[in-house]
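# Overview (structure and organization)
Okay, here's what each chain looks like letter by letter:
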Amino acid sequence: MVKLLLGTSIAIVSFISYLFAPVETKKETQITLCYVAPADDSMASFATDPAFVALHPAPLPLQYDAMGEKVTFKAPDGTDATGYLVKAKKKSDKWLFVYQEWWGLNDYIRRQSDTFYNDLNGDVNVLALDLYDGKVTDVPAEAGKLVQGAQEARLEAIIKGGLAYVGPKAKIANVGWCFGGGWSLRSGLLGGKQTVGTVMYYGMPVRDVEKLKQLSGDVLGVFATEERISKEVVEEFAANMKAANKTLMYKIYPGVHGFANPSNPKYDEESSKQAYEKAISYLKERFKI
């Protein structure tokens, strides 16, 4: 028993030493780690990982004259929640919920919301829900803190407030990136039968098959070649969706996490274009446009 405990302690110390070793040392050591599923379905645990933070360089500056307006609505916890709204040209029960990256609801999200609106021919109301209650940053370390500080109960309250705001007759699709990619899927679950589809860009999937069984509509997943939301994570998600008798269509693009975000200095224009064409085609089909 003593030998076992001693061996385990040495292994743990060696692993910790590896994590904080210089890059050169890691390359020389060539330690191979098997896939370990994340402890939960959130991305909060990634926020303290320097390597993951490094995948999110500060967004490039942007000054954008948005088409829509800020709206305020009540959340079920009794507080106000806000969002960015672009109304359909004519009265419509079609709604697209948009979910921010970990930077917050910034001008890039407003611009992308406007892009979706235009490419959906102005027939769909587009609402970007502010999951940070007005907080925005362009500093990676601060963004990590915002992700860590985001409480699930509050996030769900904001989404439920959005659902009440659009009303019970609304047909809703969801789209989001990174932190918002995970919440796009959760929004699909919270929307119940009102959900007509979900697009998630490199977000952490829900792993609970029983929860996935409650999902209305199918899912389009856009993923990157990376270690955290890895091929193994995506394939596990696909297997869980199949077990839940739900449809997942996905593609893993040969780009870094965040490759489709124009704010990212590592933005991959060609892969982003291909992914967006899939996303907008999917949304048009779900909204019957």
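Being a predicted model, the structure only gives us computed values, none of them experimental.

What counts, and at which threshold
- Residues numbered from 1 in each chain as written.
- Predicted model: local features only at pLDDT ≥ 70, side-chain atom pairs only at ≥ 80, totals over all residues.
- Heavy atoms only, no water.
- Axes fitted to C-alpha atoms, helices over the stretch in contact; angles between N-to-C directions.
- Helix = DSSP H or I, 4+ residues; strand = E, 2+ residues; numbered from the N terminus.
- Parallel < 35°, antiparallel > 145°, perpendicular 65-115°, else oblique.
- Left-handed = near helix turned anticlockwise from the far one by under 90°.
- Contact = heavy atoms within 4.5 Å.
- Nonpolar A, V, L, I, M, F, W, Y, C, P; charged D, E, K, R; others polar.
- Expected span 1.5 Å × (residues − 1).
- Pairing = 2+ DSSP bridges.
- Core = buried A, V, L, I, M, F, W, Y, C linked by side-chain atoms within 4.5 Å.
- Buried < 20%, exposed > 50% of the residue type's maximum accessible area, 1.4 Å probe, protein only.
- Salt bridge = Lys/Arg side-chain N within 4 Å of Asp/Glu carboxyl O.

On to the packing of helix 4 (residues 107–119) against helix 10 (residues 269–287). Two elements in contact, helix 4 and helix 10, have axes separated by 11 Å at closest approach and are oriented at 55 degrees. Taken together, the axes of helix 4 and helix 10 are oblique relative to one another. The hand of the helix 4/helix 10 crossing is right-handed. Between helix 4 and helix 10, the contacting residues are Gln 112, Thr 115, Phe 116 and Asp 119 on the first element and Tyr 276, Ile 280, Leu 283 and Lys 284 on the second. Here the residues of the contact of helix 4 with helix 10 sort into 4 nonpolar, 2 polar and 2 charged.

Turning next to helix 6 (residues 152–166). The terminal C-alpha atoms of helix 6 lie 21 Å apart, and with 15 residues this matches the ideal 21 Å at 1.5 Å per residue to within 8%. Those residues of helix 6 that are buried are in contact with strand 1 (69–74), strand 2 (80–86), strand 3 (94–99), strand 4 (125–129), strand 5 (171–177) and helix 7 (179–190).

Strand order in the open sheet formed by 8 strands is 1-2-4-3-5-6-7-8, with mixed pairing between adjacent strands. With partners counted over all chains shown, the strands left at the sheet margins are strand 1 and strand 8 (248–253), one partner each. Ignoring which end each strand starts from, the neighbouring axes of this sheet average 20 degrees apart. The pairing of strand 1 with strand 2 spans 6 bridges and is antiparallel. Looking across to strand 2, one finds that Val 71 is bridged to Gly 83. Taken strand by strand, helix 7 contacts strand 3, strand 5, strand 6 (195–201) and strand 7 (219–224), and its axis lies near 160 degrees from that of strand 5.

Generally speaking, a soluble globular protein has its nonpolar side chains buried in company with each other. With 82 residues, the main nonpolar core has Leu 96, Phe 97, Trp 102, Tyr 201 and Leu 283 as its most contacted residues. For this core, the leading source of residues is helix 10, giving 7 residues. Look past the residues within four positions of Leu 96 in its chain and what remains in contact with it is Phe 116, Leu 120, Val 124, Asn 125, Val 126, Leu 127, Ala 173, Asn 174, Val 175, Leu 283 and Phe 287.

Once that is clear, we can look at the pattern of salt bridges. Applying the stated criterion across every chain, the model contains 9 salt bridges. Across the pair Asp 80 and Lys 74 runs a salt bridge, and its minimum N-O distance is 3.0 Å. With relative accessibility at 54%, the residue Lys 74 sits in the exposed group. Its salt-bridge partner being Glu 285, residue Arg 286 comes within 3.0 Å of it at the nearest N-O pair.

Without other data, these values stay purely geometric and don't point to any function.
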